[in-house]
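Secondary and tertiary structure notes
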Amino acid sequence: MSLKLPNTISALHQSLSSNKLDYAEVVAQQQEQFNTLGAQLKTITHRLPATRERGFEKERPLSGVALAHKDIFDLQDRTPGLGRDFGKLSAGTSPAPAIEALSNAGAINLGALAMAEDACAATGQTASIPTPNNPLGKHLAVGGSSSGSAVAVASGMVYGALGTDTAGSVRIPAMTCGVMGLKTTHGLISTKGVAPLSPTLDSVGVLARSVQDLTSLFEVLANDRPTTATVDPLNLRTVFWLENISLDADIRQTIEPVLTRYGQAAIDLSEHEYRATALQQLIMVNETGQIHHDRITAGQACRQVVDLGIVGLATPMHWFGEALRLRSICTQAFIEHAFAQADVLVLPLQVASLPRTDEVYLGGEHFEPKKLLALHRYCGWLNYLGLPALAMPVGVDADGLPVSIQLVAKPFHEHHLLALGQKIQHDLLGEDGIEPVCKEQEQIA
Amino acid sequence: MNKTDQKDSQTVNGEREDKHAWHQLSQQLLLKNQLDLNERQQQRVTKSLTRLYAALTAAHVNLEQNLNDSARDLDVESHKQAFARCLATYR
């Protein structure tokens, strides 16, 4: 690889605008990185040719920016593989609107990325296609379900990637690979052309190595929302939650100073979290059962889908109705309490050090269900409440592995999250965010 | 049998009855959904369902333990629209 690419999308755009970099060379370099790293990390399920004929277009904010996405989105003439297989040619299939919006902004889609089967797991372990490796170390688990998206972003295969989040499926992989992950407000970004797991809870999300890159991508996807330029992070009111939270000592040592530094006052959200978590689980099992009913009864669904879906199919439908009825009530009550004196909540995400593959992959020699549960402990409740959340690393543990927290805002207030996230990144991680990393070769050696 | 033993016995019997009721309920619903599980799988489902119900009742969500699984009166769409309106008020 000869060309050193700028770390962020805006720096790349600037270099192309000022002719410091050549568009064709930039595209070729990104394609080479994608192919080489993708093969090492086993994360590509489908390759697309990088089109260069359009050339650099200054007015398009993502012109020349290489991306790739979770294999859950419809592409032109292709239906996704969903972690089950490598997808299918399907003449007449149109790209999902989210994919199309990025393409219209000039982004180059290099392909589709591995994911947990049917988006239904907290790890990226797969049975029918290769399981991607964690660029932080082959022995470390990759979180799911948007596993390939996190691997591709962390390793520098692409600047950014789309994922989906039903119970943490953007935030968990981002956390395990030490990158940023934005779960958007439920319903803000169209889920048309996106295979559902639990439509009531599914949200499209974005992963990147810096908050600036998340912002560049988000502002294309939701171009009617206020930009971060309208927000002064110093004027945002914040609260943090640590009371009644169970954290490993090592993680507490890392995140407590961060939570208390960026949260101006303490709040206890335990009761809301407990209730919303239970209701989220009820909806997820029910909808997984409904959506995958035929595959479950035919014996074609993966173990995770069967485990969840069967419980859903054994649950009275009126429970599901009650969970839906209570959703507006719970969300309103939560917003009135949590956001009465705050614009952004600074909350725990990670409760334990990043697990090894053999601790959380099914069939692993040292499998510990508790470690698997710890991955998504503080995720699903925010899907029930429909709120946006930004996962970001804020430090390292005793082993030098990343430790992440999450920021949460009111519905449709992603610009608040991104503005505060940018300040935290600037203070703790540096201006450009996370450097690409690929320790895969070292681990093999 | 002393009072404590009587109470323990009642609790154990109550738990057994609960477990039996959950077992029957889930089995009937699964059969309606064309799923005929073996005993081990059925036990696992019963355990998960019991846990879920316990979590929901602990969170003060009132749910009836019955076979009313008709989607007719659920009005799923109106609940979903109400939630979308709820979120939109913060837009």
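Up top is the structure these notes are about.
Now for a description of the structure that goes with this document. (Residues numbered from 1 in each chain as written. Chains lettered and ligands numbered in written order. Predicted model: local features only at pLDDT ≥ 70, side-chain atom pairs only at ≥ 80, totals over all residues. Heavy atoms only, no water.)

**A closer look at the interface of chain B and chain A**
Much of the literature gives interface size as the accessible area that the parts lose upon coming together. Contacts between chain B and chain A engage 40 residues on the former and 45 residues on the latter. Carbon and sulfur atoms supply 72% of the area that chain B and chain A bury against each other, a total of about 3,500 Å² over both sides. Contact with chain A buries area across many residues of chain B, yet B:F83, B:Y90 and B:R91 alone supply 21% of it, more than any other trio. Between the two partners, chain B and chain A, sit three salt bridges. Across the chain B-chain A interface, the total number found is nine residue pairs in polar contact (both at pLDDT 80 or more). If you tally residues by element for the side of chain B that touches chain A, the top one is helix α2 (residues 39–58) of chain B, at nine residues. Split by residue class, the side of chain B that touches chain A holds 25 nonpolar, ten polar and five charged. (Contact = heavy atoms within 4.5 Å. Buried area = accessible area lost by both parts, 1.4 Å probe. Salt bridge = Lys/Arg side-chain N within 4 Å of Asp/Glu carboxyl O. Polar contact = N/O pair within 3.5 Å; in protein donor to acceptor, adjacent residues only side chain to side chain. Helix = DSSP H or I, 4+ residues; strand = E, 2+ residues; numbered from the N terminus. Nonpolar A, V, L, I, M, F, W, Y, C, P; charged D, E, K, R; others polar.)

**Some points on helix α6 (residues 211–221) of chain A**
In terms of burial, α6(A) is a largely internal element, nine of the eleven residues being buried. For α6(A), the complete set of buried residues consists of A:V211, A:Q212, A:D213, A:L214, A:T215, A:L217, A:F218, A:V220 and A:L221. (Buried < 20%, exposed > 50% of the residue type's maximum accessible area, 1.4 Å probe, protein only.)

**Concerning the pairing of strand β8 (residues 203–208) of chain A**
Residue and element names in this part refer to chain A. For β8, the buried fraction is high: six of the six residues fall into the buried class. Because side chains alternate across β8, one face comprises the buried residues S203, G205 and L207, and the other comprises V204, V206 and A208, equally buried. Pairing analysis gives six bridges linking strand β6 (residues 160–165) to β8, with the strands arranged antiparallel. Among the inter-strand pairings, A161 is bridged to a residue of β8, identified as L207. As defined by bridge partners, strand β7 (residues 180–183) adjoins β8 across four bridges and the pair is classed as antiparallel. (Pairing = 2+ DSSP bridges.)

**A few points about the pattern of salt bridges**
All names here are of chain A. Under the counting rule described, the total for this entry stands at 20 salt bridges over all chains. The residue E57 makes a salt bridge to R60 at a minimum N-O spacing of 3.0 Å. R60 sits in the partly exposed class, given a relative accessible area of 24%. Among the ionic pairs, E322 bridges to R325, the shortest N-O distance being 2.9 Å. Here R325 and E322 lie together in helix α11 (residues 317–338), a separation of three residues that amounts to about one turn. By relative accessible area, R325 is classed as partly exposed at 37%. A cluster of three or more residues bridged by salt bridges with shared partners is formed by R356, D358, E359, E368 and K371.

**Comments concerning the packing of aromatic side chains**
Any aromatic ring pair is given by two values, namely how distant the centres are and how the planes are angled relative to each other. Taken as a whole and assessed by the stated rule, the structure comprises seven aromatic pairs over all chains. Here the aromatic rings of A:W319 and B:W22 are separated by 5.8 Å at their centres, their planes lie at 80°, and the arrangement is edge-to-face. With A:W319 in helix α11 and B:W22 in helix α1 (residues 3–32), the pair connects residues from two separate chains. In terms of burial, A:W319 and B:W22 fall into one category: buried. Chaining the aromatic ring pairs together yields one cluster made of A:W241, A:F334, A:F339, A:Y378 and A:W381. We note A:R327 situated over the ring of A:Y384; from NZ or CZ to the ring centre the distance is 5.8 Å. (Phe/Tyr/Trp six-rings, centres within 6.5 Å; stacked < 30°, edge-to-face > 60°. Lys NZ or Arg CZ within 6 Å of the ring centre and 35° of its normal.)

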